[in-house]
Amino acid sequence: MNQLHASKTALLIVHLQHDIVTAGTAFGTIFSAEYTARDVVTKVNAAAKHLRDAGGVVVPLRIAFAPDHSDLNPTLPLLQMVGQAGCLKDGTEGAALVPELTVTESDVVVTHKRPGPFTDSALADLLNERGIENVVVCGVATNASVEGAVRQAADLGYHTVVLSDASSAADAGAHEASLGSMGLFAVVATVDEFTSHLS
């Protein structure tokens, strides 16, 4: 991996929300076991702290909808599942970021409504206003919104990195297969590799 200038780097933390990663919730029943086993939040916090301290931008991402789901466009099976489960409603605990995730006043939380976080959101403008050139992605699920964010960032011309050990999917096979696909669009790196290449 090339050296990354921290001031030109943003870390996108994908969907560490109760309804997605907490056991017994709508999507937590699918994702929580691997998320917990891989200790994803600890690794995410480590990457975020290092980047903050070096002068970069940390962007926790939330996917959330109106309480009546009136703004949910269920054109994808994944979003149909949201409607069927009645989850990820803005203002509820389920849509909130988990308390184990460290979020500081310098972080910029972005809420969006499609698996790809750049779609119909302020994310691209936010990054461009800050002169961001490098986008680093981590979170849940590797083969869904993490990969969606990576592909969108790469298409938009950002130098893109995905943190392999700070992400998880429903199972190890899906995680590894997705990392293999993302290797065509991004640098696949560990948190330690990422932080050692920040300057």
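Before reading on, note that the structure itself is shown above.
Computed from a predicted model, the values in this text were never measured in an experiment.

Definitions and cut-offs
Residues numbered from 1 in each chain as written. Predicted model: local features only at pLDDT ≥ 70, side-chain atom pairs only at ≥ 80, totals over all residues. Heavy atoms only, no water. Salt bridge = Lys/Arg side-chain N within 4 Å of Asp/Glu carboxyl O. Helix = DSSP H or I, 4+ residues; strand = E, 2+ residues; numbered from the N terminus. Buried < 20%, exposed > 50% of the residue type's maximum accessible area, 1.4 Å probe, protein only. Polar contact = N/O pair within 3.5 Å; in protein donor to acceptor, adjacent residues only side chain to side chain. Contact = heavy atoms within 4.5 Å. Phe/Tyr/Trp six-rings, centres within 6.5 Å; stacked < 30°, edge-to-face > 60°. Patch = residues over 30% accessible without salt bridge, like charges linked within 9 Å, V, L, I, M, F, W, Y side chains within 5 Å. Areas by Shrake-Rupley, 256 points an atom, 1.4 Å probe, with all protein chains shown as cover. Pairing = 2+ DSSP bridges. Axes fitted to C-alpha atoms, helices over the stretch in contact; angles between N-to-C directions.

This part takes up the pattern of salt bridges. Under the counting rule described, the total for this entry stands at six salt bridges. Notably, a salt bridge pairs Lys8 with Glu133, separated by 3.9 Å at the nearest N-O pair. Here Glu133 lies in the loop between helix H5 (123–129) and strand S4 (134–140) and Lys8 lies in the segment before strand S1 (9–14), a separation of 125 residues in the sequence.

Note that the residue after Val140, namely Ala141, is joined by a cis bond; omega there is -5 degrees. Take Ala141: it is sitting in the loop between S4 and helix H6 (142–155). One non-glycine residue, His69, lies in the positive phi region at around 60 degrees. Mapping His69 onto the fold places it in the loop between strand S2 (57–63) and helix H4 (77–85). You can call His69 buried: its relative accessible area is 13%.

Position of Thr142 among the secondary structure elements: in helix H6. Using a relative accessible area of 0% as the deciding quantity, one classes Thr142 as buried. There is a polar contact of 3.5 Å between the side chain of Thr142 and the backbone nitrogen of Ala169. In contact with Thr142, not counting residues within four places along its chain, are Glu147, Ser167, Ser168, Ala169, His175, Ser178, Leu179 and Met182.

A word on the packing of aromatic side chains. Within this structure, the stated rule accounts for two aromatic pairs. Ring centres 6.5 Å apart and planes at 15 degrees place the aromatic pair Phe27 and Phe31 in the stacked group. Look at Phe27 and you get buried, because its relative accessible area is 6%. With relative accessibility at 11%, the residue Phe31 sits in the buried group.

Bringing a nonpolar patch on the surface into the picture now. A cluster of nonpolar side chains, Ile30, Leu76, Leu78 and Met81, forms an exposed patch at the surface whose accessible area comes to about 270 Å². Position of Leu78 among the secondary structure elements: in helix H4. By relative accessible area, Leu78 is classed as partly exposed at 32%.

Let's shift gears to the sheet that holds strand S5 (residues 159–168). Here six strands make up an open sheet; going across it, the order is S3-S2-S1-S4-S5-S6 and the pairing parallel. The open sheet has two edge strands with one neighbour each: strand S3 (110–112) and strand S6 (187–189). In this sheet, adjacent strand axes meet at a mean angle of 25 degrees when their direction is disregarded. Summarising the sheet, S5 and S6 pair through three bridges and their orientation is parallel. Each residue of the ladder has a partner; that of Val161, found in S6, is Val187. Against the sheet, helix H7 (residues 172–182) engages S5 and S6, with an angle of about 170 degrees to S5.

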